[in-house]
Amino acid sequence: MSNNQNQASRTKIVLVHGFLDDGTAWDDVRSLLGEDFEAVALDLPGSGAHLNDEGPFTLHRLAESVIAEIDRSDNPVVLVGQSMGAQLSELAAAARPGRVAGLVLLTPVPLAGVHLAGDAANSFRSLGGDADAQRQGRLGVSVSLTPRALETLLASGIAVRPAVVAEVFDAWNNGDTAGATSSAYAGPTLIVRGTGDPFVTQEVIDAGVLPRFANARLVGIADAGHFPHLEKPEEVTRIVEDFARSFDRVKA
C-alpha cells in the first residue's frame, strides 16, 4: 500500500480545545494516538495561532472553525471536544451530521450553558492577563495536573487578550438555545468526565448533557478532574481510540 493510500485510510480525529486553551493542550494525546489515526488539534479564533483574530467570539463563530476542518476531510471524522470545545463540537456535528462518524464530549460544558452570575461570572470574565488567577483556577478544577501540564495551560491562557477572554466566557456561559432540546446530532456519542471534576459534575452531566443524546454512553476517568487529556492522557487516548475503532468493527 502506498503512502497516499495509507493517509487516506487513516481515521481523522479533530481535537477541539476549551476556554483559555489552544491546540497545545492536546499534545500528549496526539503523541500517543496510534499511526492509524490522523490527529488535528485546532487553534480556535482568539487563541494559539489565531490570537489576533477579530471578533465576534460567539459559539457559532468558534464552531465554524470546526466545521471548516470537517469540510477539509474526504472521509467522516471523529470530533473530540473538551469543556467549551464540547459545545462547539456538538454544534459542528449538528451542522455536518453525515460527515461526523462519532462525537466525544470530554468534561463537557452543557450546550445550554451554565449561567454563572455575579462574582462567579466576574471571576471568569476577568481572568485575561492574570496568571495567578488562571493558575489557581486550573488547579481548583483538576486532580492530577503535572507542573509541565499546568505550564502548558498557563502559556496558552495568559496569551489570550483580556477582551477576548471576557467575550468567550460569555459565549460558553450563556450557551446556545439548542441546548434546551434534544441534540440535533443523533450519531454515536461518548461522554467522558473526570470523576474528580468539581465543575462538570455528575449532576451536570445527568441534567444537561446525557439525556439530550439519542445514542450516547458515559464513561468516567478516575483520579482526573476537568483536564483528563492532560491529567490522564494515556487513558483518554485509549478511550478515543477504542471509540474510533468501533466504527470499523461495525462496518466489518
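See the structure above.
Let me sum up the structure you'll find in this document. (Residues numbered from 1 in each chain as written. Predicted model: local features only at pLDDT ≥ 70, side-chain atom pairs only at ≥ 80, totals over all residues. Heavy atoms only, no water.)

Once that is clear, we can look at the overall build of the chain. From N to C terminus, the chain includes eleven helices and six strands. Here the chain has a C-alpha radius of gyration of 17 Å; the compact-globule value for 252 residues is 18 Å, and the two agree. Summarising its shape, the C-alpha atoms of the chain cover approximately 55 × 40 × 35 Å along the three principal directions. Out of the 252 residues belonging to the chain, those deemed buried represent 50%. Within the chain, residue pairs in contact and separated by at least 24 positions form 77% of the contacts whose partners lie at least 6 positions apart. Total accessible area on the chain is roughly 10800 Å²; 51% of this is exposed by carbon and sulfur atoms. Both charge centroids of the chain, one from 20 positive and one from 32 negative side chains, sit 4 Å from each other. (Helix = DSSP H or I, 4+ residues; strand = E, 2+ residues; numbered from the N terminus. Rg over C-alpha atoms; globule rule 2.2 N^0.38 Å. Buried < 20%, exposed > 50% of the residue type's maximum accessible area, 1.4 Å probe, protein only. Contact = heavy atoms within 4.5 Å. Areas by Shrake-Rupley, 256 points an atom, 1.4 Å probe, with all protein chains shown as cover. Lys, Arg positive; Asp, Glu negative; His and termini not counted. Charge placed at Lys NZ, Arg CZ, Asp CG, Glu CD.)

For the pair helix H3 (residues 59-71) and helix H4 (residues 84-95), the least separation of the axes is 8 Å and the interaxial angle reads 60 degrees. In terms of axis orientation, H3 runs oblique to H4. Every pair of crossing elements has a handedness; the one defined by H3 and H4 is right-handed. Within the contact between the two elements, H3 uses Leu59, His60, Leu62, Ala63, Val66, Ile67 and Ile70 and H4 uses Met84, Gln87, Leu88, Leu91, Ala92 and Ala95. Looking at the contact of H3 with H4, its residues break down into eleven nonpolar, two polar and no charged. (Axes fitted to C-alpha atoms, helices over the stretch in contact; angles between N-to-C directions. Parallel < 35°, antiparallel > 145°, perpendicular 65-115°, else oblique. Left-handed = near helix turned anticlockwise from the far one by under 90°. Nonpolar A, V, L, I, M, F, W, Y, C, P; charged D, E, K, R; others polar.)

Turning our eyes to something else, we now look at the nonpolar core. Counting 42 residues, the largest nonpolar core has Phe19, Val66, Leu79, Met84, Leu88, Val168 and Trp172 as its most contacted members. If sequence neighbours within four positions are ignored, Val66 has contacts with Val16, Leu42, Leu44, Leu79, Leu88 and Ala92. With 22 residues, the next largest nonpolar core counts Leu15, Phe37, Val104 and Phe247 among its residues. (Core = buried A, V, L, I, M, F, W, Y, C linked by side-chain atoms within 4.5 Å.)

Another aspect to go through is the sheet that holds strand E1 (residues 11-16). On the basis of which strands lie adjacent, the open sheet formed by six strands has the order E2-E1-E3-E4-E5-E6 and parallel pairing. Strands with a single pairing partner mark the edges of an open sheet, and in this sheet they are strand E2 (37-41) and strand E6 (216-221). Sheet twist, expressed as the mean angle between neighbouring strand axes with direction ignored, is 20 degrees. The strands that H4 touches are E1, strand E3 (77-82) and strand E4 (100-106); relative to E3, the one it contacts most, it runs at about 150 degrees. (Pairing = 2+ DSSP bridges.)

Relative to the 18 Å expected for 13 residues at 1.5 Å per residue, helix H8 (residues 162-174) spans 18 Å between its end C-alpha atoms, a close match to the ideal helical length. Among the residues of H8, those classed as buried are Val164, Val165, Ala166, Val168, Phe169, Ala171, Trp172 and Asn173. Buried residues along H8 sit in contact with H3, H4 and helix H5 (118-125). Count one or two residues on from H8 and you reach Gly175, which has phi positive near 70 degrees. (Expected span 1.5 Å × (residues − 1).)

A separate point is the packing of aromatic side chains. Counted by the stated rule, this structure contains nine aromatic pairs. Look at Phe124 and Phe169: their rings are 5.4 Å apart centre to centre, the planes differ by 5 degrees, and that puts the pair in the stacked class. Here the residue Phe124 occupies a position in helix H5, and Phe169 occupies one in helix H8, the gap between them amounting to 45 residues. Three or more aromatic residues joined by ring pairs form one cluster here, namely Phe19, Phe124, Phe169, Trp172 and Phe199. Just above the ring of Phe57 sits the side chain of Arg61; from NZ or CZ to the centre is 5.5 Å. Seen from the ring of Phe213, Arg212 lies directly overhead, with NZ or CZ sitting 5.5 Å from the centre. (Phe/Tyr/Trp six-rings, centres within 6.5 Å; stacked < 30°, edge-to-face > 60°. Lys NZ or Arg CZ within 6 Å of the ring centre and 35° of its normal.)

Here the focus is the side chain of Arg193. Here Arg193 is to be found in strand E5 (residues 189-194). One buried charged residue, Arg193, remains without a salt bridge, the closest side chain of opposite sign being Asp197 at 5.6 Å. Here Val200 takes part through its backbone oxygen, which lies 3.2 Å from a polar atom of the side chain of Arg193. In this structure Arg193 touches Thr107, Val200, Thr201, Gln202, Ile205, Leu218, Val219, Gly220 and Ile221, once residues within four positions along its chain are discounted. (Salt bridge = Lys/Arg side-chain N within 4 Å of Asp/Glu carboxyl O. Polar contact = N/O pair within 3.5 Å; in protein donor to acceptor, adjacent residues only side chain to side chain.)

Take the pattern of salt bridges next. Enumeration over the complete set of coordinates arrives at 14 salt bridges. Of the charged contacts, one joins Asp21 and Arg138 as a salt bridge, the two residues approaching to 2.7 Å between their closest N and O atoms. Residue Asp21 is located in the loop between E1 and helix H2 (27-32), and its partner Arg138 is located in helix H6 (residues 131-140); the two are separated by 117 residues in the primary sequence. The pair Asp21 / Arg138 is uniform in exposure class, with both members buried. A salt bridge links Arg212 to Glu90; the shortest N-O distance between them is 2.7 Å. Of this pair, Arg212 sits in the loop between helix H9 (202-208) and E6 while Glu90 sits in helix H4, and the two are 122 residues apart along the sequence. Judged by its relative accessible area of 9%, Arg212 is buried. In this structure Glu90 comes out as buried when scored by relative accessible area, which is 5%. Through salt bridges with shared partners, a single network forms among Lys12, Glu69 and Arg72.

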